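# Residue-level structural notes
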Amino acid sequence: MSPPSLSIIVSFVISLVPTLKALFVSGVPGVKISPAPDGQPPLAILMNTATFIGDASIPLGLICLGSALARLQLPEGSWRSLPIASISALAAARLIIMPVLGVIICQSLTHVGIIDSGNNVLRFICIFMSCLPTSTTQVYLTQVYSGTGTATHLAAFLIPQYILMFGTMTGLTAYTLHLIFD
């Protein structure tokens, strides 16, 4: 029952109950609520505030990622002590297996009708997101749960992913464009 979980639950309830939804956004069919003096729904200020703060999430996330990556150091002289099998498995799973699953899942959702087959941009983005490295998530989780706030071996996990990314991202982009436009 953390604040993010509670906010998601409350948001689902508000979005599914038309009367509650009309308090935040206009144009809800079948619901007539008097607008505020500015002509907006009564609680539109909360939506505007959340949108304003939410627009800062990507720049702040990139700042946090950059500062975390700037503190990373390659372990000097201890290359033999690195978990090479784990590093290889994570890189292969994230940049080879996940893109294959991304194509299969996206094509399945398109075939079933959840994703419109004419929405090529959405299909491309859904597939493309499956071939990105784990940098942000891996940096945050490692530093939060390490106990000391350090991530000494993280650079060794990220470097192979970025090396593989050049080939896998190029190949997946070419395949996706061929798949979408044929």
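Worth saying up front: this structure is predicted, and the values here are computed from it rather than measured.

Note: interface size is frequently given as the accessible area lost on complex formation between the parts. If you check the domain split of the chain, you get domain 1 (1-71) and domain 2 (82-181). Its C-alpha centre places domain 1 at a distance of 28 Å from the equivalent point of domain 2.

With that settled, the discussion passes to the UniProt feature "transmembrane region" (unreviewed entry) in the chain. Here, the residues flagged by UniProt with the feature "transmembrane region" (unreviewed entry) are residues 6-31, 82-109, 121-141 and 161-181. As a span, residues 6-31 carries 69% helix and 0% strand, and end to end its C-alpha atoms are 26 Å apart. A helix fraction of 93% and a strand fraction of 0% characterise residues 82-109, whose end C-alpha atoms lie 40 Å from each other.

Bringing the packing of aromatic side chains into the picture now. Under the defined criterion, the tally for this structure stands at one aromatic pair. Residues Phe 124 and Phe 128 carry aromatic rings whose centres are separated by 5.6 Å and whose planes lie at 15° to one another, so their mutual orientation is stacked. With Phe 124 and Phe 128 both in helix H6 (residues 120-128) and four residues apart, the pair spans about one turn of that helix. A relative accessible area of 22% places Phe 128 in the partly exposed class.

To continue, consider a nonpolar patch on the surface. A surface patch of nonpolar side chains, about 900 Å² in accessible area, is lined by Met 1, Leu 6, Ile 8, Ile 9, Phe 12, Val 13, Leu 16, Val 17 and Leu 20. For the nonpolar patch, the leading source of residues is helix H1 (residues 3-16), giving six residues. Looking at the element boundaries, Ile 9 is found in helix H1.

What counts and what doesn't
- Residues numbered from 1 in each chain as written.
- Predicted model: local features only at pLDDT ≥ 70, side-chain atom pairs only at ≥ 80, totals over all residues.
- Heavy atoms only, no water.
- Domains from an automatic or database assignment.
- UniProt positions renumbered as here; feature names shortened; annotations may be inferred.
- Helix = DSSP H or I, 4+ residues; strand = E, 2+ residues; numbered from the N terminus.
- Phe/Tyr/Trp six-rings, centres within 6.5 Å; stacked < 30°, edge-to-face > 60°.
- Buried < 20%, exposed > 50% of the residue type's maximum accessible area, 1.4 Å probe, protein only.
- Patch = residues over 30% accessible without salt bridge, like charges linked within 9 Å, V, L, I, M, F, W, Y side chains within 5 Å.
- Areas by Shrake-Rupley, 256 points an atom, 1.4 Å probe, with all protein chains shown as cover.
- Salt bridge = Lys/Arg side-chain N within 4 Å of Asp/Glu carboxyl O.

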